[in-house]
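# Structure at a glance
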Protein chains: 2
Amino acid sequence: MGKGTETRERIIARAAEIFNVDGYAGTAISDIMRATGLEKGGIYRHFSSKDALALAAFDYAAGQVRQRVAASLAGSPTAVATLLGFVEVFRGYAHNPPVVGGCPILNTAIESDDTNPALARRAAAVIDEWRSLIRTTVVQGIARGEIRSEIDGDALALLMIATLEGAVMLARLLRDAAPLEQAANHLCNHIEQSVRAC
Amino acid sequence: MGKGTETRERIIARAAEIFNVDGYAGTAISDIMRATGLEKGGIYRHFSSKDALALAAFDYAAGQVRQRVAASLAGSPTAVATLLGFVEVFRGYAHNPPVVGGCPILNTAIESDDTNPALARRAAAVIDEWRSLIRTTVVQGIARGEIRSEIDGDALALLMIATLEGAVMLARLLRDAAPLEQAANHLCNHIEQSVRAC
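Residues numbered from 1 in each chain as written. Chains lettered and ligands numbered in written order. Predicted model: local features only at pLDDT ≥ 70, side-chain atom pairs only at ≥ 80, totals over all residues. Heavy atoms only, no water.

## Overview of the overall build of chain A
The secondary structure content of chain A amounts to 9 helices and 0 strands. Across the 198 residues of chain A, 53% fall into the buried class. Counting contacts in chain A only where the partners sit at least 6 residues apart, residues at least 24 apart contribute 70% of the total. Taken as a whole, chain A presents about 8,300 Å² of accessible surface, with 49% of it coming from carbon and sulfur. Of the side chains in chain A, 20 bear a positive and 22 a negative charge, and the two mean positions are spaced by 6 Å. (Helix = DSSP H or I, 4+ residues; strand = E, 2+ residues; numbered from the N terminus. Buried < 20%, exposed > 50% of the residue type's maximum accessible area, 1.4 Å probe, protein only. Contact = heavy atoms within 4.5 Å. Areas by Shrake-Rupley, 256 points an atom, 1.4 Å probe, with all protein chains shown as cover. Lys, Arg positive; Asp, Glu negative; His and termini not counted. Charge placed at Lys NZ, Arg CZ, Asp CG, Glu CD.)

## Observations regarding the interface of chain A and chain B
Facing 39 residues of chain A, the contacting portion of chain B comprises 38 residues. For the pair chain A and chain B, the summed buried area comes to about 3,400 Å², and 72% of that belongs to carbon and sulfur atoms. By the criterion of area lost to chain B, the three top residues of chain A are A:I110, A:M169 and A:L173, representing 18% of everything that side buries. Taken together, chain A and chain B are joined by 4 salt bridges. Where chain A touches chain B, the interface holds 5 residue pairs in polar contact (both at pLDDT 80 or more). Mapped onto the side of chain A that touches chain B, the elements with two or more residues apiece are α1 (3–22), α6 (104–112), α7 (117–143), α8 (153–174) and α9 (178–195) of chain A. Broken down by element, the side of chain A that touches chain B gets its largest block of residues, 14 residues, from α8(A). Class assignment of the residues belonging to the side of chain A that touches chain B gives a composition of 22 nonpolar, 10 polar and 7 charged. (Buried area = accessible area lost by both parts, 1.4 Å probe. Salt bridge = Lys/Arg side-chain N within 4 Å of Asp/Glu carboxyl O. Polar contact = N/O pair within 3.5 Å; in protein donor to acceptor, adjacent residues only side chain to side chain. Nonpolar A, V, L, I, M, F, W, Y, C, P; charged D, E, K, R; others polar.)

## Regarding the pattern of salt bridges
Under the defined criterion, the tally for this structure stands at 26 salt bridges over all chains. Across the salt bridge formed by A:R135 and A:D154, the nearest N and O atoms sit 3.1 Å from each other. Residue A:R135 is found in helix α7, and its partner A:D154 is found in helix α8; the two are separated by 19 residues along the sequence. Taking the relative accessible area as the measure of exposure, A:D154 reaches 19% and is therefore buried. Taking the shortest distance from any N to any O, the salt bridge between B:R34 and B:D31 comes out at 3.4 Å. Of this pair, B:R34 and B:D31 are both found in helix α2 (residues 29–36), 3 residues apart, which corresponds to roughly one turn of the helix. Here the residues in one salt-bridge network are A:D128, A:R131, A:R135 and A:D154, joined through shared partners.

## Re the nonpolar core
Ranked by size, the top nonpolar core spans 139 residues in total, and within it A:F86, A:W130, B:F86 and B:W130 carry the most contacts. Beyond its immediate sequence surroundings of up to four residues, B:W130 is in contact with B:V65, B:V69, B:F86, B:F90, B:I105, B:I161 and B:E165. (Core = buried A, V, L, I, M, F, W, Y, C linked by side-chain atoms within 4.5 Å.)

## As for unusual backbone geometry
Residue A:R175 is not a glycine yet carries a positive backbone phi of 50°. Relative to the elements of secondary structure, A:R175 occurs in the loop between α8 and α9.

## Structural notes on the side chain of B:T163
One can find B:T163 in helix α8 (residues 153–174). Among residues more than four places away in sequence, those in contact with B:T163 are A:L159, A:A162, A:T163, B:A183 and B:L187.

## Notes on the environment of A:V195
All names here are of chain A. As for its placement among the helices and strands, V195 is situated in helix α9. By relative accessible area, V195 is classed as buried at 1%. Once the C-alpha coordinates of V195 and G141 are considered, the two residues, 54 residues apart in sequence, prove to be 9.8 Å apart. Excluding residues within four positions of it along the chain, V195 makes contact with L83, E146, I147, R148, I151, L156 and H190.

## Quick notes on the relation of the copies chain A and chain B
Superposing chain A onto chain B requires a rotation of 180° together with a translation of 0.0 Å along the rotation axis, leaving an RMSD of 0.0 Å. Look at the turn and shift together and you get a two-fold axis relating the two. (Least-squares fit on C-alpha atoms with pLDDT ≥ 70 in both.)

## Brief notes about the environment of B:I12
Residues and elements named next belong to chain B. Within the secondary structure layout, I12 lies in helix α1 (residues 3–22). Residue class for I12 comes out buried when judged on its relative accessible area of 6%. Taking the C-alpha atoms as reference points, I12 and H46, 34 residues apart in sequence, are found 9.9 Å from one another. If we ignore the near neighbours within four places in the chain, the residues touching I12 are F47, L53, A56, A57 and Y60.

This is how it looks when you write it as structure tokens:
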């Protein structure tokens, strides 16, 4: 990796943390300068604007989340194991978020939904990936007789994502892992008792 | 209401909407000036700082949410009806939020958890009110034989709040009421099938 690429990657990784803690509107380029030890010109050499850096930082943060999901789902032997694996990704977010500051998909969604269409589209694309993953898992699980034939994969996906992301919000606000434990336990029970084929 | 009080109330109501859409960090006093038609001095006559206005605006927004909850729960004949009434408060948020821009408790929680302890405490206090309401409802419901004796009211409260607030986030990001419908339907089924005494 050349020195320019290395600097670029370092700016992105630090900016992703700062944006995730302080928000996009709450972060000034001077905050990124302080965190990276670079002059303003050193940052603008790599990014044409704060908005361009924000998009690159979101993509990096989403990549960190994607790695967590992939690691938790790797080698899942059944559709039910895949669904349970998705739930487990979020259980540890209270103590060990994928990026400092919590879930970057949640934080970006809340800040950008009314104000920044480019970021909102990026966050929505990650939600769509998760819906597609869960929908496909349910279709395969039904075909293999592991999941009840009446289960609507997309409805299950929306329920799982809403419950887990809402619990991340509560866990961070209250500085208490209990909401994430409750949400994850409830979804695991629901999957075992109402989604898994009898 | 004197003219000064009327102006103060008008600033608060407009600021609550602007903060809820654009965030606290994303709002400048010039945005409030434009929305109210007041000069800077006309705003600072009533509020010592942007932070003081933000707290007053949050209290106003939380009051709008409280009115929704109170209206939905008024006259609930049973503990189960109270729990279902709480769920129904949120079902309409996709099309008709209590304040323009979505749920002010959710938006404030996400923005303030790492950055603004005074606002974060205000948001956490509303969550605590809801937990207390649901916990008390469950205790009374168990005493009256309406709710299963093994139900943990606080665990149910955390699950309900997480699921509903996460669904508000998704509904606003995706501009689709489906996540709220799925979340509300799931919680209503859960309450009917696993919380209500047989």
